[in-house]
Amino acid sequence: MTASLTHLQRLEAESIHILREVVAETEKPVMLYSIGKDSAVMLHLARKAFYPAPPPFPLLHVDTTWKFKAMYELRDRAARDAGMELLVYQNPEAKERGINPFDHGSLHTDMWKTEGLKQALDLYGFDAAFGGARRDEEKSRAKERIFSFRSANHRWDPKNQRPELWRLYNAKKAKGESIRVFPISNWTELDIWQYIHLENIEIVPLYFAAPRPTVERDGLILMVDDDRFRLKPGETPVERSIRFRTLGCYPLTGAVESAAKTLPEVIQEMLLTTTSERQGRAIDHDQAASMEKKKQEGYF
Amino acid sequence: MAGPSSYEADALIAEDIDAYLDRHQHKSLLRFITCGSVDDGKSTLIGRLLYDSKMIFEDQLAALEADSKRVGTQGQNIDFALLVDGLAAEREQGITIDVAYRFFATDRRKFIVADTPGHEQYTRNMVTGASTADLAVILVDARKGVLTQTRRHSYLCHLLGIRNIVLAVNKMDLVNYDQATFDRIRLAYSAFAQSIGITRFTPIPISGFVGDNITAKSEHTPWYHGDTLMEVLETIEIDADADRAKPFRLPVQWVNRPNLDFRGFSGLVAGGTVHPGDAVRILPSGKTTTVARVVTFDGDLEEGVAGQSVTLTLADEVDCSRGDVIAAAGDPPQVADQFEATIVWMADEEMLPGRSYWLKLGTQTVTANVQQPKYQINVNTMEHIAAKTLELNAIGVANLSTDRPLVFEPYEANRDLGGFILIDKFTNATVAAGMIHFALRRAQNVHWQASDVTREARAALMRQKPAVLWFTGLSGAGKSTIANLVEKKLARMNRHTFLLDGDNVRHGLNRDLGFTDADRVENIRRVGEVAKLMTDAGLIVITAFISPFRAEREMVRQMLPHGEFIEIFIDTPLAEAEKRDVKGLYAKARSGQLKNFTGIDSPYEPPVDAEIRIDTTKLSPDEGADRIVEYLLDR
């Protein structure tokens, strides 16, 4: 008998099964695409699940207009390569009010991402949305279901989630309700990196170290991506060899100093200098149990 | 005890990352469940496994050390339990937690641990976690030995088909590593295990707190010659590997049809292996063909194996769609529509025998009715007890029937084709999990007898279109009064009718039924079947039952040909019905002499879109009856 399936093959098979199940049982699914490494893996899995057909749903980028330039470049190419329609949604109210991460703090996330996502889902009438969240990201996600149900106004009701047994997912829902589906729930950060390495998946170059203009602020190293970045009095960009472990809106995402220019080196560094992944994101430090709260409000 | 100072990453990571990655790409995956209550040291054990596998980040470690000193229960030592907590706080917030999943890895395997917290909801939680587990670690406190809950956990693991059971006798440090204590527990467990059909298990003396026999053999237990817990976890056979030896099964999830030249059938292989050229049978149709290709994004495969997601193309153009199963032609699964199954009830609302639920098994979704349980199982004593229904966390054995034939296998032969969930048709909640034992012989042997005189012919003789005029409304709403008037008016027009009255039926056909929710459901099911037979005979059937639940009215609607079920809502407000109180029943209900009275202490679910609504505060009984007759004749 041939060897056991490897853990990555098993995870891949499970994710593909979930992707297909949603396409078979919902009316109008969409994949939320955030351009990060988890999204890259999820998109790759979608291409595998429906091959030789292209994935039978569009990609949706809920844009904040504050992503790194390199992310926008990869976004458009990745959609094209997968043969998928790319929908980009920007909350018009946030746009009009000029909401930005410098002046508005967590309102920036609320308006662009939380509100933007709800508006986009309502606008297009999607009843299922794939997201790239993983259970190992933090303690509170360990018990998250793979199919997470939302009321017609996108509230997450933690008291009303369904048990998931075997490989059976109950996708029944009333009109107006929707499901968030997390196909890579059981992947760890190391699994993601190994898979990217093994499958040669293209990711944003910002994950690799390079000399980049930076400033240090509130203990985070921030990259000065372009003239959208507002320098405070006394701040002068300094060139540092940095990379990102996680990619959000650029002034909210801290970089780490690094010399890791290749994927194996990135993995090596991750395994050796270990701070957990979400630490680089300012959003989590807002308040205790903030992810839980944001989830109830409809942030992914 | 391993302290933070020894917390170092694998040397190979720094020396040769490529070699390290290569080694880790060949790991297999084991899923297991840990069973035990808070006091058994479950969280400490899981925390210890995470810690020893060096999967904890520095910031988490720093937080852990700080928390251990602040709130930990282990003095200055690290409290491993804090690594996996967070659940207590969530419980306080009222969040339903069925299972938390934890991840760690060694050089040989990646592990997914299903951690099921707490005492309440334990059956439901454990069953969920056990459904995907290859192995169960049953924790026993060495000071306490085999307890009722040890038996319950073991029974549930066995019920869910977990083949590998580790009996982890924990807290050995607190009994001075006494061999006699360990042996006594091992023997007591062995006797119990055999009695419920567990044929083998692996007993290990451990201490999650100290770290004995977790990853390294403990010097404290020189008398123990078996494997450490980690050695067992790393070497035990994985179910997906064992599943390859089974006959081939592919439940079809999705038909892949990007263009006219390609028609593929996608799914996850639920058993066996598949190769191009293999003869396969498509069920339930029974058609046979051969496999042309095993298609994946990474190129065609010579062999697809259990646990893989693949897409098959077939040599012939045969009908095949979602819900069908492609199987080994010479050894196909069974097809039936009546089964005996073990059912685990998971919802607050009790099971209602006779009610229609969605049943999802593999990729098939059908309508199913569960009969009254044959018995319920006391999960603490394994005794069989009589039951009329199943409540939250109850486990019972019952027969069920489906509206279409299901492709299935007994659960013990194949989890994917033998395990199912039941879904409430109105709330869409997952209300139960089930495991099929076998198909009932009568499903195979009782066939529909086709009669030569058809229902159309009988109706034509009566010169009418059969129908069921289904009256629903509160007690005292005026259902029987108006129904009587309708029948009189129809009789005058030479229509052939029959009035089924709620009270009258309860004197005969349904005299064994009471007024519990379960009995109300069965009452309506029987009336529905009788009404259906009468429409087959060509009659216009008039029924006057409170029929308080939407689900049952919908069930009867589904039994009949489209358009023959006419729902009539006799809309009388509760206050008005109570004021009239023709039979004096409301007074009795209010005084507590009458239990389960609709509108008082039993719910009434008004129709959402009934064909006819009669507002008795605006229309007289005669006007109401006229409106109904008019509707009937106009159709």
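About the thresholds
- Residues numbered from 1 in each chain as written.
- Chains lettered and ligands numbered in written order.
- Predicted model: local features only at pLDDT ≥ 70, side-chain atom pairs only at ≥ 80, totals over all residues.
- Pairing = 2+ DSSP bridges.
- Helix = DSSP H or I, 4+ residues; strand = E, 2+ residues; numbered from the N terminus.
- Axes fitted to C-alpha atoms, helices over the stretch in contact; angles between N-to-C directions.
- Contact = placed C-beta atoms within 7 Å.
- Nonpolar A, V, L, I, M, F, W, Y, C, P; charged D, E, K, R; others polar.
- Buried ≥ 20, exposed ≤ 12 C-beta atoms within 10 Å, placed from the backbone.
- Parallel < 35°, antiparallel > 145°, perpendicular 65-115°, else oblique.
- Left-handed = near helix turned anticlockwise from the far one by under 90°.

Points about the sheet that holds strand β2 (residues 59–62) of chain A
Residue and element names in this part refer to chain A. The 6 strands are arranged β3-β2-β1-β4-β6-β5 in an open sheet whose pairing can be described as mixed. Two strands in the sheet have a free side with no partner beyond their single neighbour: β3 (86–89) and β5 (147–150). Put simply, the sheet's adjacent strands are angled 30° from each other on average, direction ignored. Of the strand pairs in this sheet, β5 and strand β6 (residues 178–181) are connected by 4 bridges, and their pairing is antiparallel. Across the sheet, residue Arg150 finds its bridge partner in β6, namely Ser178. Across the face of the sheet, helix α6 (residues 106–124) comes into contact with β1 (29–32), β2, β3, β4 (128–130) and β6 while running at roughly 145° to β2.

Re the interface of chain A and chain B
Taken together, the 55 residues of chain A in the interface contact 62 residues of chain B. If one sorts the elements of the side of chain A that touches chain B by residue count, helix α1 (residues 7–25) of chain A sits on top with 10 residues. Taken together, the residues of the side of chain A that touches chain B break down into 23 nonpolar, 16 polar and 16 charged.

Considerations on the pairing of β1 of chain A
Residues and elements named next belong to chain A. Going residue by residue along β1, you find Pro29 and Met31 tucked away on one face and Val30 and Leu32 tucked away on the opposite face as well. Pairing of β1 with β4, which is carried by 3 bridges, proceeds in the parallel orientation. When the bridges of β4 are listed, Pro29 appears paired with Ala128. Two strands pair when backbone bridges link them, and β1 and β2 are joined in this way by 2 bridges, in the parallel orientation. Across the sheet, the residue bridging to Leu32 is Leu60, located in β2.

Observations regarding the packing of helix α14 (residues 479–492) of chain B against helix α20 (residues 621–634) of chain B
Residues and elements named next belong to chain B. Look at α14 against α20: their axes get within 9 Å of each other, and the N-to-C directions meet at 55°. Considering the angle they form, α14 stands oblique to α20. Here α14 runs over α20; the crossing is right-handed. Contacts between α14 and α20 pair Thr481, Ile482, Leu485, Val486, Lys489 and Leu490 from the former with Pro621, Asp622, Gly624, Ala625, Ile628 and Val629 from the latter. Residues that form the contact of α14 with α20 fall into these classes: 8 nonpolar, 2 polar and 2 charged.

So yeah, pure geometry; function would need other evidence.
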